Amino acid sequence: MTQQHPNGVDVQKLVATIEAVKNDPALAAFQFRASTKWYSGAHVQTHIQGFHGVKQEDQSRQQPFVLEGDEPPVLLGSNQGANAVELLLAGLTACLSVGIAYNAAARGIVIEAMRLDVTGDIDLQGFLGLSETIRAGCHDINIACRMKSDASDSAIADLLDHVQKTSPVTDMIRHPTPVHVKFVREI
């Protein structure tokens, strides 16, 4: 880690990116995609490769990222991967981690080490269709941000507050995002 790259972030490129988007807001329009194939029971496999951003299709990923999804045996799965709730929690903490590292670097805060531990509390009665009053998703998500830094507690608190406001995944979880599912007969 260098002075120019605190937290592994090239601050000059970060600032240049922000300025480019200020000058041309259309650069900020991205579309991320994933394709999930069901295999059997709870086992699925998701491939993530292409996306559209900065006014063009990205070609940087030569091979797809592959995520295995399943359920534990107690939920009738075979433990071939994390379940969907765990993947969502991982996506949330990954997004927050990136936001913390980038925004800390921009603020001159050096992070020596960081780990986000997350729990999501869920009552399966909603998922199982046994209750119309219990929601199907988590009713509470708690994250412990463990960080080693020389920054003051107030600087870290301000950083975490800002990152929560600007995290795309946090925003999608905290605010309703329309989800549209349509049937397409062809595979």
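Think of each chain on its own: its residues are numbered from 1, step by step along the sequence as written. Note on the predicted model: pLDDT of at least 70 is required for a residue's local features to be given, and 80 or more for side-chain atom pairs to be given and counted; whole-chain, interface and lining totals, by contrast, use all residues. By convention in this description, side-chain values take in all heavy atoms of the structure and omit both hydrogens and water.

**Quick look at the packing of helix H2 (residues 84–106) against helix H4 (residues 153–166)**
- Axis lines are fitted through C-alpha atoms, for helices just across the contact stretch, and the angle between N-to-C directions can take any value from 0 to 180 degrees. Helix numbering and strand numbering both begin at the N terminus, where a helix is a DSSP run of H or I of at least 4 residues and a strand a DSSP run of E of at least 2. Two elements in contact, H2 and H4, have axes separated by 9 Å at closest approach and are oriented at 125°. Between H2 and H4, the crossing angle belongs to the class labelled oblique. In the crossing of H2 with H4, the sense of the turn from one axis to the other is right-handed. Of the residues in H4, those touching H2 at Leu-96, Gly-99, Ile-100, Asn-103 and Ala-104 are Leu-159, Leu-160, His-162, Val-163, Gln-164 and Thr-166.
- Within the contact of H2 with H4, the residues separate by chemical class into six nonpolar, five polar and no charged. Angle categories are assigned with fixed cut-offs, so that under 35 degrees is roughly parallel, over 145 is roughly antiparallel, 65 to 115 is roughly perpendicular, and the rest are oblique. Whether a crossing is left-handed or right-handed is set by the direction in which the near helix is turned from the far one by less than a right angle, anticlockwise for left-handed and clockwise for right-handed. Working rule for contacts: check all heavy atoms of both residues, and any pair within 4.5 Å makes them a contact. Just so you know the grouping, Ala, Val, Leu, Ile, Met, Phe, Trp, Tyr, Cys and Pro go in nonpolar, Asp, Glu, Lys and Arg go in charged, and all remaining residues, Gly too, go in polar.

**With respect to the sheet that holds strand E3 (residues 43–48)**
- Here, a strand pair is defined by DSSP locating no fewer than two bridges between the strands. Strands sit in the order E2-E3-E6 across an open sheet of three strands; the sheet is antiparallel. Edge strands, defined here as strands with exactly one partner in the open sheet, are strand E2 (35–40) and strand E6 (65–69). Going across the sheet, the axis of each strand differs from the next one's by a mean of 20°, ignoring polarity.
- Across five bridges, the pairing between E3 and E6 is antiparallel. Within E6, the position partnered with Ile-48 by the bridge is Phe-65.

**Focus: the packing of aromatic side chains**
- Stacked, tilted and edge-to-face are the three classes assigned to paired rings of Phe, Tyr and Trp, where Trp is represented by its six-membered ring and a pair needs centres within 6.5 Å; plane angles under 30 degrees give stacked, over 60 edge-to-face, the rest tilted. Tallied over the entire structure, the rule returns three aromatic pairs.
- With 5.7 Å between their ring centres and 25° between their planes, Phe-30 and Phe-32 make a pair best called stacked.
- A 1.4 Å probe rolled over the protein chains alone gives each residue an accessible area, and that area as a share of the maximum for its type sets the label: buried under 20%, exposed over 50%, partly exposed in between. Classification of Phe-32 by relative accessible area gives exposed; the value is 59%.
- Aromatic pair Phe-30 and Phe-51: ring centres 6.0 Å apart, planes at 15°, arrangement stacked. A residue pair is termed long-range when its members are at least 10 positions apart, and Phe-30 in the loop between helix H1 (11–23) and strand E1 (31–32) and Phe-51 in strand E4 (residues 51–53) qualify at 21 residues.
- With relative accessibility at 12%, the residue Phe-51 sits in the buried group.
- Here the aromatic residues Phe-30, Phe-32 and Phe-51 are joined through ring pairs into a cluster of three or more.

**Description of the environment of Val-9**
- Here Val-9 is to be found in the segment before H1.
- Judged by its relative accessible area of 6%, Val-9 falls in the buried class.
- For Val-9 and Ala-82, which are 73 residues apart along the polypeptide, the C-alpha to C-alpha distance reads 29 Å.
- Residues within four places of Val-9 in sequence aside, it is in contact with Gln-4, Leu-14, Ala-101, Tyr-102 and Ala-105.

**Quick notes on H4**
- Compared with an ideal rise of 1.5 Å per residue, which puts 14 residues at 20 Å, H4 spans 20 Å between its outermost C-alpha atoms and is within 8% of the ideal.
- By the burial criterion, the buried members of H4 are Ile-156, Leu-159 and Val-163. What you see down the axis of H4 is that its buried residues fit within an arc of 60°, all on one side. In H4, the exposed residues that point more than 90 degrees away from the buried face are Asp-153 and Lys-165.
- Contacts from the buried residues of H4 go to H2 and strand E8 (140–149). Under the convention used throughout, the expected extent of a helix is 1.5 Å for every residue step, that is, one less than its residue count. The arc refers to the directions leading from the helix axis to the C-beta atoms.

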